[in-house]
Amino acid sequence: MFRLEARTSTPAWFNLALPLIAIAVTLVLCSGLIAMAGAGVIEAYGVMLSASLGDSYAITETLVRAAPMIFTGLAVAIAFRAKFWNIGAEGQLLAGAVASCAVGAIPMPGTLAMLLMALAGAAAGAIVALVPVMLRVKFKVDDVVSSLLLNSVIYYALMALIEGPWKDSFSGYPISPPIEDSANFPVLIEGTRLHLGVIVALIVAPLCWFLIARTTLGFRIRVTGENAEAARYGGINVQRVLISTALLSGALAGLAGVGEVGGVHFQVMSDISPGYGYSGIVVAMLARLNPLGVVPAAIFLAAVMTGAEAMSRATGVPAFLSDVIQGTALLAMLVALLFTAYRVRRVGATT
Amino acid sequence: MAGRPEGGIALPFAVSRIVSEGVPLSAPLIEMRGITKSFGAVKANEAVDLSVAPGEILGLLGENGAGKTTLMNVLFGAYAPDAGEILVEGRPVAIHNSADALAAGIGMVHQHFHLAPRLTVLENLLIGIAGKSGRIDRAGGLARLKEIGRQHGLGLDPDLPVSVLSVGEQQRLEIIKALFRGAKLLILDEPTAVLAPSEVDGLFAALRSMAGQGLGIIFISHKLNEVRALTHRCVVLRHGKVAGRVDHPASTTSAEMAKLMCGHEIVPPTREASTPGAAVLTLDGISTSGHAGTPLRDVSLFVRAGQILGIAGVSGNGQRALADVISGMLPPQAGTMAIAGKTVAQFSPRELQALGLGRIPEDRMTTGLVTNLPLADSMVLPRIGTEAFSRKGLLDPAAIRAFAEAQIKAYDIRCPGPMVRAGALSGGNLQKALLARELAFDPKVLIVSQPTRGLDIGAARFIHEKFLAMRAKGCGIIVIGEDLEELLMLCDRIAVMYEGRIAGTLSSADASVARLGLMMTGAEGHA
Ligand SMILES: Nc1ncnc2c1ncn2[C@@H]1O[C@H](COP(=O)(O)OP(=O)(O)O)[C@@H](O)[C@H]1O
Ligand SMILES: [Mg+2]
């Protein structure tokens, strides 16, 4: 017989091992689905791997996909650290995309345009995140629900925009006018889509780590998240910390939208985000809310997404498998987290 | 072990091995032999022998961390012992889990209760007890609940949800639950730590009544007067080993038992005469509202530099609101407060800290510390924004660590180091850590609630000495407490709270337990 026993301390290597174990378990579980779809498991995973990380072009494609999830993953990780339950990264991303697209469409020197796009996108994301945090701080409205519902509100506002004032008058398609060519983010490697925004994402992640681990704001975020009552007793203005966290989180999610507009799509359309905001939650959980862990976690999910498409083409397994892997990875990680607090002990005949 | 499990060390005052008056000498109900249990390098129990006879109340004494809870968890099947055996009514039994323990007739009331808050009293009793046909026998359960209540004075309304019960009532329910399941031995792990003094009497009456019917009881506590009043026999643990046995607790002095527990004499500190200075904290006409618990009504009081003011009272008479107002957690509705002559404007914890207030909250785990973060974080929390620990918004990890290490050393906080999770520390060490963090910055005024609740004698003495040292340095201290003897020993003046008001203030020369007790019931007012 086995039993869970509370741990008094958690070994450090768990932080690394748990996500890896969760991923391994996920791949094993999902291999059943691949087999049910009538494909060879090894072959299918092989195609996924080579299509996502097999050559330098594949790697750049995976990184391009990872960039928005690095931003949304950071947004969620920082919010969750303070126990501000921001499920609204998707809406904040969309708001950032719209704002940066509006700015990018104004003719001006390219560098200035990119800078202003980033500022506008971050500000738009932050403003959207301000709604659930103010509702929570002022009226004790549950932030999970309000931030989640806000996603639909933003999505339909975006739809109204591209079906209405922004609609392409030539084609009649619901897509916004493109941003100025000069505002397109520079491509770093000729012949790929690897754009400046990807590098920015890779730089922002360690900055976020520094913020959480080494600044007084980060300290206050951690303490508030772990025990708001002790934080208040210790002189921390908990409401202010929550609001700062939300602004920061929303700005990061907004930047995910900026990168998609400036570096990938150069305009806004209804499917600009295939749920990067929600994937950010999976990324943050896999990363155990550590900003440094967000990078590999986002790259993993991006590889699954790019790989799943190729696998679908090669083996006929539906590309939905990518969503199943994401969902299973989140569940596996949540279960794995149990083992940071508990250990399994064998209880049997003793004495 | 030659079949003599009771072989402890000889003690000058443990002259007789005969069980106390009124207890029949018969085969032990439960016997634990040579129990050893380690957690990593920590030997929580080492070759412990213990037995309980039917109708006997055995006291299990020891400082925090002595291994009392671990030993009882072994008996209750939560931990498998590394060595040793357990006999029930003379037969060896293997107890792997609480179901085995219950089947063997062992019931336990843990330090933290295991109740379903949304279910009613009766439903909680019936959880896991299905009738013969798998049906739940409500009527039968109700009858037994009434019966147990009548027999031992443990009445509870069967239809109340557990969430509305007081802590004392929840404890009563846990006891009833154990009896319900046919416990022949009842283990109570520090049951009085969560009770108000008035509730303790009721518990003791019930326990005596149960013992009178032949139930064996193991009563864990580190409060010596309780153990002396209640138990027939005691086993004292120190560092996991049996440090001694006491066969006549009632006729053994507290000092003798304290020495067994701590391994050395405990001398009460003396409060030197002093000349208090100017008032460092004054409250004038403070009233509150919107607070869970009794609000304050027109409370005025003051503390002088170098003086200790006690706040006595039955808990729930506004002490919580008073502590919250003074520490800045609850801005008052009316009235003013001043620290060292400066009027408090905002009543935020930060403002009060800046004015020179140190605070030790009643609830260390939820209000004082952040249990999931390193101890060092909790120790610097109130001053993280100051020059001492950060510059321009950047933390100074070396300074934080050095501060925590220095305090750990200065206050002899037993822990693996400053980076250990604060929640891993025992209550006494947590209290020392909180004291260290507040005293490191020389507060002008210190407010503490229940400073030694749950602490063993050694740790409590340490805390008392620190208070007296601060008093000698000219700090004004307010101690909110329920233990009148502690207040009389520490305080220069004692104010009594009753229904949100100050019912009267006495100088400690005029105060006595009897007089304070009377004032606490609202019977006597004294200005
Ligand atoms: N689950 C555990 N894991 C590791 N150490 C433990 C555990 N439980 C108790 N200990 C250690 O064992 C010793 C005895 O603890 P405990 O039995 O709780 O003491 P008491 O109840 O007398 O205060 C302490 O040093 C404590 O830190
Ligand atoms: Mg204990």
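Keep in mind the model is a prediction, meaning the values are calculated, not measured.

1. Some thoughts on the state of the cysteines
Residue and element names in this part refer to chain B.
Turning to step 1, where the next piece is worked out: Counted by the stated rule, this structure contains zero disulfides over all chains.
Turning to step 2, where the next piece is worked out: We note that Cys475 lacks a disulfide partner, and the nearest cysteine sulfur, in Cys491, lies 13 Å from it.
Turning to step 3, where the next piece is worked out: On the basis of relative accessible area, Cys475 is assigned to the buried category, the value being 2%.
Turning to step 4, where the next piece is worked out: Under the relative-accessibility criterion, Cys491 is labelled buried at 0%.

2. Notes on the sheet that holds strand 1 (residues 30-39) of chain B
Residue and element names in this part refer to chain B.
Turning to step 1, where the next piece is worked out: Reading across from one edge, 2-1-4-5 is the order of the four strands in this open sheet, with antiparallel pairing throughout. Two strands close off the open sheet at either side, each with one partner strand: strand 2 (42-52) and strand 5 (91-93). Looking at each pair of strands side by side, their axes are set apart by 30 degrees on average, direction ignored.
Turning to step 2, where the next piece is worked out: Relative to the sheet, helix 1 (residues 68-75) contacts strand 1, strand 2 and strand 4 (83-88), its axis offset from that of strand 1 by approximately 120 degrees.

3. What about the interface of chain A and chain B?
How large an interface is tends to be reported as the accessible area lost when its parts come together.
Turning to step 1, where the next piece is worked out: On the chain B side, the residues contacting the 28 residues of chain A number 39 residues.
Turning to step 2, where the next piece is worked out: Both sides of the chain A and chain B interface together cover about 2,800 Å² of buried area, and 57% of this is carbon and sulfur.
Turning to step 3, where the next piece is worked out: The interface formed by chain A and chain B holds one salt bridge in total.
Turning to step 4, where the next piece is worked out: Linking chain A with chain B are eleven residue pairs in polar contact (both at pLDDT 80 or more).
Turning to step 5, where the next piece is worked out: For the side of chain A that touches chain B, the elements supplying multiple residues, two or more each, are strand 1 (2-6), helix 7 (196-214), helix 8 (216-226) and helix 9 (228-233) of chain A.
Turning to step 6, where the next piece is worked out: Residue composition of the side of chain A that touches chain B, grouped by class: nine nonpolar, ten polar and nine charged.

4. Description of the packing of helix 8 of chain A against helix 10 (residues 238-265) of chain A
Residue and element names in this part refer to chain A.
Turning to step 1, where the next piece is worked out: As a packed pair, helix 8 and helix 10 sit with axes 10 Å apart at the nearest point and diverge in direction by 110 degrees. The angle between helix 8 and helix 10 places the two elements in the roughly perpendicular class. Of the residues in helix 10, those in contact with Leu217, Arg220, Ile221 and Thr224 of helix 8 are Val238, Val241, Leu242, Ser244 and Thr245.

5. Looking at the domain arrangement of chain B
Residues and elements named next belong to chain B.
Turning to step 1, where the next piece is worked out: Split into domains, chain B comes out as domain 1 (15-111 + 184-262) and domain 2 (279-356 + 443-520).
Turning to step 2, where the next piece is worked out: Look at where the C-alpha atoms of domain 1 and domain 2 centre, and you get two points 36 Å apart.
Turning to step 3, where the next piece is worked out: With nine residues of domain 1 in contact, the opposing surface of domain 2 contributes eight residues.
Turning to step 4, where the next piece is worked out: Between domain 1 and domain 2 the total buried area reaches about 700 Å² when both faces are included, carbon and sulfur atoms providing 54% of it.
Turning to step 5, where the next piece is worked out: The interface formed by domain 1 and domain 2 includes zero salt bridges.

6. Points about the packing of helix 5 (residues 110-139) of chain A against helix 10 of chain A
Residue and element names in this part refer to chain A.
Turning to step 1, where the next piece is worked out: Taken N-terminus to C-terminus, the directions of helix 5 and helix 10 make an angle of 145 degrees; their axes are 6 Å apart at the nearest point. The two elements helix 5 and helix 10 cross, and the hand of that crossing is right-handed.
Turning to step 2, where the next piece is worked out: Class assignment of the residues belonging to the contact of helix 5 with helix 10 gives a composition of 17 nonpolar, six polar and two charged.

7. Section: the site of ligand 1
Turning to step 1, where the next piece is worked out: Around ligand 1 sit 13 residues, and of these Gly65, Gly67, Lys68, Thr69 and Thr70 of chain B come closest.
Turning to step 2, where the next piece is worked out: More than one chain reaches ligand 1: its neighbouring residues belong to chains A and B.
Turning to step 3, where the next piece is worked out: At 3.2 Å from an oxygen atom of ligand 1 is found a main-chain nitrogen or oxygen belonging to Ala66 of chain B.
Turning to step 4, where the next piece is worked out: Bound to the protein, ligand 1 loses 70% of the 560 Å² it would expose on its own.
Turning to step 5, where the next piece is worked out: If one sorts the elements of the shell around ligand 1 by residue count, helix 1 of chain B sits on top with three residues.
Turning to step 6, where the next piece is worked out: Of the residues assigned to the shell around ligand 1, the class counts are five nonpolar, six polar and two charged.

So, how was this worked out
Residues numbered from 1 in each chain as written. Chains lettered and ligands numbered in written order. Predicted model: local features only at pLDDT ≥ 70, side-chain atom pairs only at ≥ 80, totals over all residues. Heavy atoms only, no water. Disulfide = S-S within 2.5 Å. Buried < 20%, exposed > 50% of the residue type's maximum accessible area, 1.4 Å probe, protein only. Pairing = 2+ DSSP bridges. Helix = DSSP H or I, 4+ residues; strand = E, 2+ residues; numbered from the N terminus. Axes fitted to C-alpha atoms, helices over the stretch in contact; angles between N-to-C directions. Contact = heavy atoms within 4.5 Å. Buried area = accessible area lost by both parts, 1.4 Å probe. Salt bridge = Lys/Arg side-chain N within 4 Å of Asp/Glu carboxyl O. Polar contact = N/O pair within 3.5 Å; in protein donor to acceptor, adjacent residues only side chain to side chain. Nonpolar A, V, L, I, M, F, W, Y, C, P; charged D, E, K, R; others polar. Parallel < 35°, antiparallel > 145°, perpendicular 65-115°, else oblique. Domains from an automatic or database assignment. Left-handed = near helix turned anticlockwise from the far one by under 90°. Near = heavy atom within 4 Å. Areas by Shrake-Rupley, 256 points an atom, 1.4 Å probe, with all protein chains shown as cover.

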